[in-house]
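An overview of the molecular structure
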Amino acid sequence: MKAFRALVLAVGSLTWAAAAAQEARTLREAFEGKFLIGAAVNERQFTGADTAGVRVLKEHFNAVVAENCMKCQSLHPEENRYDFTRADRFVDFAEKNGMTVIGHTLIWHSQLPDWFCSDGKGGNASPELLKRRMKEHITAVVGRYKGRVKGWDVVNEAIEDNGSFRKSKFYEILGPEYIYLAFQYAHEADPEAELYYNDYSMANPGKREGVVRLVKELKRRGLRVDAVGMQAHLGMEWPPVDGFEKSMLAFAGAGVKVMITELDLSALPAPRANVGANIADTAEYRKELNPYPDGLPKELSDAWMERMGDFFSLFLKHRDIVTRVNLWGVADGDSWLNYWPVSGRTDYPLLFDRSHRPKPVVDRIIREASTVGTEKTN
Ligand code: 9MR
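Residues numbered from 1 in each chain as written. Predicted model: local features only at pLDDT ≥ 70, side-chain atom pairs only at ≥ 80, totals over all residues. Heavy atoms only, no water.

Looking now at the overall build of the protein chain. Scanning the protein chain from N- to C-terminus turns up 13 helices and 9 strands. For 378 residues, the compact-globule estimate of 2.2 N^0.38 gives 21 Å, and the protein chain sits close to it at 21 Å. Taken along its principal axes, the extent of the C-alpha atoms in the protein chain is 75 × 55 × 40 Å. Counting every position in the protein chain, which comprises 378 residues, the buried fraction comes to 56%. (Helix = DSSP H or I, 4+ residues; strand = E, 2+ residues; numbered from the N terminus. Rg over C-alpha atoms; globule rule 2.2 N^0.38 Å. Buried < 20%, exposed > 50% of the residue type's maximum accessible area, 1.4 Å probe, protein only.)

Put into structure tokens, the structure is as follows:
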């Protein structure tokens, strides 16, 4: 009887999977009930100028992150002046298209206007002044989009690859407390919003341990933290899939969900090993660092498809802990990787090519996603 029931269940789920496989034609359909599938959106997209990009966004994605317009430098260029024009348009764009909005990012050492951590006389702001500014900024930004932004990258890139705290201005002035305060202020401004810690090079053992320590400390202090964002700026040689998986499991083990927040896979040679996403780490243009201006050779393109596909298989395997997978851009031509770490290169890091056509791996991802169930533990 038991065996018979198991057989009926197995046949049932096979039929279900087959039906789903036939039905899903887009990424958003394929991941329905599993996790959100998102993309970082630039100004040409949320203003509608990039019509091809918008078409892909609407067809395949159900979540969006502002690539730049919600950063401190854009929103709060001077102490007494906010500029919400672009961010408002971005949120309107998302809502009009029924997309979940994720906020990026409240406290980050980069794209931070000079005034924020300074006393205006060439020195650092005092701890009290910096706390007040952080609170005002976070309260104004999170408060403005209360109920409209599902979750915020509260603190971005605060841990070094060796697990120690990044010696940013915030850290220099307040020590690690600035991180705890940022989470506290964000929660006070919108108690319903999810709160995330976001960083790159997360497969590095040192970074993994540092982030786990941080999550545990946030929890020990009774602060809300819903997920760790793993940026996932990948290269062809690095990081290893199993090292990445180890970090996913370590973060989940610390009691949070996992989000893949800035996924892209560079096909180009890295100017040095283990390149992360530290914007300050740039290198001079050399022709040999830009070997494929007119397209990838078949062998490399196949290897790229396979590696990208393998990462999606990993995310699907852990769909019980993954709540969102977000690409850092829509089509290859949009990507920051054409400018970093070497400016003026032609890279191929995203799921859609320069003509906005889906790459072959998109089919594989949709097929695979359609054949696994939606059962989740969250
Ligand atoms: O993609 C973003 C690029 O357009 C900006 O010039 C850059 C400036 O800081 O930031 C890029 O996005 C970064 C993200 O906000 C945080 N993680 C690393 C991303 C790539 O640099």
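Turning next to the packing of aromatic side chains. For the structure shown, the criterion picks out 15 aromatic pairs. Ring centres 6.3 Å apart and planes at 50° place the aromatic pair Phe311 and Phe315 in the tilted group. Note that Phe311 and Phe315 are positioned in helix 12 (residues 298–317) at a spacing of 4 residues, about one turn of the helix. The exposure classification of Phe311 matches that of Phe315, with both residues buried. Consider the rings of Phe312 and Phe315, whose centres lie 5.6 Å apart with planes at 70°: the pair is edge-to-face. Remark: Phe315 and Phe312 occur in helix 12; sequence separation between them is 3 residues, near one turn of the helix. Given the relative accessible area of 1%, Phe312 is considered buried. For Phe315, a relative accessible area of 0% translates into the label buried. Seen from the ring of Tyr200, Lys207 lies directly overhead, with NZ or CZ sitting 4.4 Å from the centre. The residue whose ring lies beneath Lys359 is Trp304, and the NZ or CZ to ring-centre distance is 4.1 Å. (Phe/Tyr/Trp six-rings, centres within 6.5 Å; stacked < 30°, edge-to-face > 60°. Lys NZ or Arg CZ within 6 Å of the ring centre and 35° of its normal.)

Take the packing of helix 11 (residues 241–253) against helix 12 next. Orientation of helix 11 relative to helix 12, taken along the N-to-C sense of each, is 25°, at an axis distance of 11 Å. Considering the angle they form, helix 11 stands roughly parallel to helix 12. Classified by chirality, the crossing of helix 12 by helix 11 is right-handed. Between helix 11, through Val241, Phe244, Glu245 and Met248, and helix 12, the contact on the second element is made entirely by Arg307, Phe311, Leu314, Phe315 and Lys317. Residues that form the contact of helix 11 with helix 12 fall into these classes: 6 nonpolar, no polar and 3 charged. (Axes fitted to C-alpha atoms, helices over the stretch in contact; angles between N-to-C directions. Parallel < 35°, antiparallel > 145°, perpendicular 65-115°, else oblique. Left-handed = near helix turned anticlockwise from the far one by under 90°. Contact = heavy atoms within 4.5 Å. Nonpolar A, V, L, I, M, F, W, Y, C, P; charged D, E, K, R; others polar.)

The local shell around the ligand holds 14 residues, among which Glu67, Lys71, His104, Glu262 and Ile279 are the closest. Within the side chain of His104, an N or O atom sits 2.7 Å from an oxygen atom of the ligand. Contact between the ligand and Gln231: a nitrogen atom at 3.2 Å from a side-chain N or O atom of the residue. Here the ligand, which alone exposes 450 Å², has 85% of that area covered by the protein. Grouping the constituent residues of the shell around the ligand by class yields 4 nonpolar, 6 polar and 4 charged. (Near = heavy atom within 4 Å. Polar contact = N/O pair within 3.5 Å; in protein donor to acceptor, adjacent residues only side chain to side chain. Areas by Shrake-Rupley, 256 points an atom, 1.4 Å probe, with all protein chains shown as cover.)

The next thing to look at is the state of the cysteines. This model, assessed by the stated rule, comprises 0 disulfides. Considering cysteine sulfurs only, Cys117 is the nearest to Cys72, which forms no disulfide, with 8.7 Å between them. What makes Cys117 buried here is its relative accessible area of 5%. (Disulfide = S-S within 2.5 Å.)

Where burial is concerned, most of strand 5 (residues 194–199) is hidden: 5 out of the 6 residues are buried. As judged from the 5 bridges shared by strand 4 (residues 151–156) and strand 5, these two strands associate in the parallel manner. Looking at strand 5, one finds that Trp152 is bridged to Leu195. Both strand 5 and strand 6 (residues 227–230) contribute to a ladder of 4 bridges, which runs parallel. (Pairing = 2+ DSSP bridges.)

Another aspect to go through is the side chain of Asn198. Locating Asn198 in the fold gives a position in strand 5. By relative accessible area, Asn198 is classed as buried at 0%. Separated by 2.9 Å, the side chains of Asn198 and Asn156 make a polar contact. Within the local environment of Asn198, its side chain forms a polar contact with the side chain of Glu262, the two groups lying 3.2 Å apart. Apart from residues no more than four positions distant in its own chain, Asn198 is found in contact with His104, Asp153, Val155, Asn156, Glu157, Gly229, Met230, Gln231, Thr261 and Glu262.

Before going further, it helps to examine the nonpolar core. In this structure, Met134, Phe244, Phe312 and Phe315 are the most contacted members of the largest nonpolar core, which totals 108 residues. With 9 residues, the top contributor of residues to this core is helix 9 (residues 177–189). Beyond its immediate stretch of four places on either side in the chain, Phe244 contacts Ala203, Met230, Ala232, Leu234, Pro239, Ile260, Phe311, Leu314 and Phe315. Ala40, Ile102, Tyr196 and Tyr200 belong to the second-largest nonpolar core, a separate cluster that totals 12 residues. (Core = buried A, V, L, I, M, F, W, Y, C linked by side-chain atoms within 4.5 Å.)

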